[in-house]
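The residues making up each chain are set out below.
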Amino acid sequence: MKSVSPRVRSNVLRLVIFAIVASVMMFFLLFAPSKHDTTWQARRAVSDVKTVNAVVSNPKNAAPLVNGTTKSPFDLVKGEDYFADYDIHNVRLPDAGEDYDDGKNPKWKFRYLNITTANRPFIWLSAKPRIALIPNFLSDEECDSMISIASPRLERSQVVPFQNSKNKNTVDEVRTSSQTWLDVTSGVGKQVADRLLEMLHFPPGSSEMMQILRYQTDQKYDAHNDYFDPRLYGPQATNRAVTAFLYLSTVEEGGHTWFPDADGKKHEQWDFKSCKRGLGYKPKKGNVVVFYDMMPNGDYDPLSLHGGCPVKKGVKWGGTLWLRVDTK
Ligand SMILES: O=C(O)CCC(=O)C(=O)O
Ligand SMILES: [Fe+2]
């Protein structure tokens, strides 16, 4: 056998090393997702099996995603971002038959958010009632601008009395915040409302004005349903199908939005105040929590019972946008 000269041997070796390095680089270029679409791609994949795995962790070496930290907005930490008596990272949607997601049934009044078609990432926090979190929906500028428009116009929040109740007071200890209404036909109100309606598959103009709320220390809103139950409020031509709650500030302590009956646990004993069981989501500036007061077939969902827990430290600024459908 002929011996190979050292020169040829070293050239072959260089070629082999080059081929290995090139194929490793090609592999990463083709298969490693970019920083921005990691979450999105992975979430698309899990939705195919109807299991929404809430946490899609950010690769360890990824660039900072949120305010200089490497924490992904989906990496919610129990105790820090929420409390829950179930595992929100393992929320399962009902089987396809119950899912109402394909938007083909003409009787349905609206479609749920759908992880495969939504125009930005979101995460299901609860299946029954349906609650979704949309991280970083609002820019800091949008939050600050809504607060500065609302600040000089605040008044004590009110409630709507029941139709046959003798007590016609609209100021009630169940709700102690201050608030005002923000136009959604122009300016920042329109910008934000239009973006939400589009994402939630609702036609333009199908929301109420936006309610801007401020809760100071110990202020709260006891648990309630947002729809107007015709048995209590009389006939309604339209009603609230979806509530989008916008967090305009981060609260140091307390102020969680609370869902006593998440995840699907209807309790016999009414509990409007404890802020203990179910799910409590801690206000974080720029995030939005969306929940469905109605099923897509028009039935009201009593499990959508919710409230705002007392603020313990800091100030909670929020915006409520109600999306309405015809009830006929
Ligand atoms: O303050 C909250 O977190 C919830 C507010 C609310 O339920 C409402 O405005 O109807
Ligand atoms: Fe509410």
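Everything numeric here is computed off the predicted structure, so don't read it as measured data. (Residues numbered from 1 in each chain as written. Chains lettered and ligands numbered in written order. Predicted model: local features only at pLDDT ≥ 70, side-chain atom pairs only at ≥ 80, totals over all residues. Heavy atoms only, no water.)

**Student:** Where do I start with the packing of aromatic side chains in this structure?
**Tutor:** When we look at a pair of aromatic rings, we describe it by the centre distance and by the angle of the planes. Scanning the model with the defined rule gives 14 aromatic pairs in all. Ring geometry for Trp-270 against Phe-272: centres 5.6 Å apart, planes inclined by 10°, an arrangement best described as stacked. On the basis of relative accessible area, Phe-272 is assigned to the partly exposed category, the value being 37%. Here Arg-240 stacks its cationic end above the ring of Trp-322, 3.5 Å away from the centre of that ring. In this structure, Lys-316 is placed above the aromatic ring of Tyr-215, and the distance from its NZ or CZ to the ring centre is 4.5 Å. (Phe/Tyr/Trp six-rings, centres within 6.5 Å; stacked < 30°, edge-to-face > 60°. Buried < 20%, exposed > 50% of the residue type's maximum accessible area, 1.4 Å probe, protein only. Lys NZ or Arg CZ within 6 Å of the ring centre and 35° of its normal.)

**Student:** Sorry, what's going on with the coordination of the iron ion (ligand 2) here?
**Tutor:** Six octahedral donors around a metal ideally subtend angles of 90 or 180 degrees, whereas four tetrahedral donors ideally subtend 109.5 degrees. Every protein donor of the iron ion (ligand 2) is accounted for by His-224 (NE2), Asp-226 (OD) and His-306 (NE2), and the metal-donor separations fall at 2.1 Å. Positions of the donor residues of the iron ion (ligand 2), expressed as sequence spacing, correspond to H-x1-D-x79-H. Residue His-224 is located in strand E7 (residues 221-224), and its partner His-306 is located in strand E13 (residues 306-308); the two are separated by 82 residues in the primary sequence. (Donors = N, O, S within 2.8 Å, 3.2 Å for Na, K, Ca; no water. Helix = DSSP H or I, 4+ residues; strand = E, 2+ residues; numbered from the N terminus.)

**Student:** So what exactly am I meant to see when it comes to the site of ligand 1 here?
**Tutor:** The immediate surroundings of ligand 1 are formed by 14 residues, with Tyr-215, His-224, Thr-257, His-306 and Lys-316 found nearest. The side chain of Tyr-215 places a nitrogen or oxygen atom 2.6 Å from an oxygen atom of ligand 1. Between an oxygen atom of ligand 1 and a side-chain N or O atom of Thr-320, the distance comes to 3.2 Å. Coverage of ligand 1 by the protein amounts to 99% of the 290 Å² it exposes when considered alone. Elements with a contribution of two residues or more to the shell around ligand 1: strand E6 (210-215), E7, E13 and strand E15 (316-326). Residues of the shell around ligand 1, tallied by class, amount to five nonpolar, six polar and three charged. (Near = heavy atom within 4 Å. Polar contact = N/O pair within 3.5 Å; in protein donor to acceptor, adjacent residues only side chain to side chain. Areas by Shrake-Rupley, 256 points an atom, 1.4 Å probe, with all protein chains shown as cover. Nonpolar A, V, L, I, M, F, W, Y, C, P; charged D, E, K, R; others polar.)

**Student:** What exactly am I supposed to notice about helix H5 (residues 187-199) here?
**Tutor:** Each full turn of the α-helix corresponds to 3.6 residues, which orients residues three or four apart in the same direction. End to end, H5 covers 19 Å across 13 residues, agreeing with the expected 18 Å (1.5 Å per residue, within 8%). Along H5, the residues classified as buried are Val-188, Gly-189, Val-192, Ala-193, Leu-196, Leu-197 and Met-199. Projected down its long axis, H5 carries its buried residues within an arc of 165°, all on one side. Across H5 from its buried face, at more than 90 degrees, point the exposed residues Gly-187 and Glu-198. Of the residues flanking the end of H5, it is His-201, one or two places downstream, whose phi is positive at about 60°. (Expected span 1.5 Å × (residues − 1). Arc of directions from axis to C-beta.)

**Student:** Help me out: how do you make sense of the UniProt feature "domain: Fe2OG dioxygenase" (unreviewed entry) in the protein chain in this one?
**Tutor:** UniProt tags residues 206-325 as "domain: Fe2OG dioxygenase" (unreviewed entry). What you have in residues 206-325 is 3% helix and 41% strand, and the ends, taken at the C-alpha atoms, are 7 Å apart. (UniProt positions renumbered as here; feature names shortened; annotations may be inferred.)

**Student:** Please clarify how the confidence of the model for the protein chain should be interpreted in this entry.
**Tutor:** In low-pLDDT regions, the fine details of the predicted coordinates are not to be read closely. On average, residues of the protein chain score 82 in pLDDT, and 80% of them are at 70 or above. Counting contacts from residues 29-64, a segment whose pLDDT is below 50, to residues more than four positions away or on other chains yields 60 contacts. Two numbers describe this predicted complex: its pTM, 0.79, and its ipTM, 0.99. (pLDDT = per-residue confidence, 0-100. Contact = heavy atoms within 4.5 Å.)

**Student:** So what exactly am I meant to see when it comes to the nonpolar core here?
**Tutor:** Burial of nonpolar side chains together is a common tendency in soluble globular proteins. Core analysis: the largest hydrophobic core is formed by 67 residues, its most contacted members being Met-146, Leu-196, Leu-246 and Leu-279. Once residues within four sequence positions are removed from consideration, Leu-279 is found in contact with Tyr-82, Phe-83, Ala-84, Tyr-86, Ile-88, Leu-125, Ile-131, Thr-257, Trp-258, Phe-259 and Ala-262. Ranked by size, the runner-up nonpolar core spans five residues in total, among them Ala-223, Trp-258, Cys-275 and Leu-305. (Core = buried A, V, L, I, M, F, W, Y, C linked by side-chain atoms within 4.5 Å.)

**Student:** I'm lost on helix H4 (residues 140-150) in this one. Help?
**Tutor:** Turning to H4, its buried residues number three or more, namely Glu-142, Cys-143, Met-146, Ile-147 and Ala-150. With its buried residues spanning 130° around the axis, H4 presents them on a single face. Elements in contact with the buried residues of H4: strand E5 (178-182), H5, E6, strand E8 (238-247) and E15.

**Student:** Is there a simple way to think about the sheet that holds E6 in this case?
**Tutor:** For sheets, the rule is that strands pair by backbone hydrogen bonds, running either parallel or antiparallel. As summarised here, the arrangement of the eight strands in space is E2-E3-E12-E8-E15-E6-E5-E4, forming an open sheet in which the pairing is antiparallel. This sheet does not close on itself; its edge strands, each paired only once, are strand E2 (123-126) and strand E4 (155-156). In terms of strand pairing, E8 meets strand E12 (residues 288-292) through five bridges, oriented antiparallel. Following the sheet pairing, Thr-243 is matched in E12 by Phe-291. (Pairing = 2+ DSSP bridges.)

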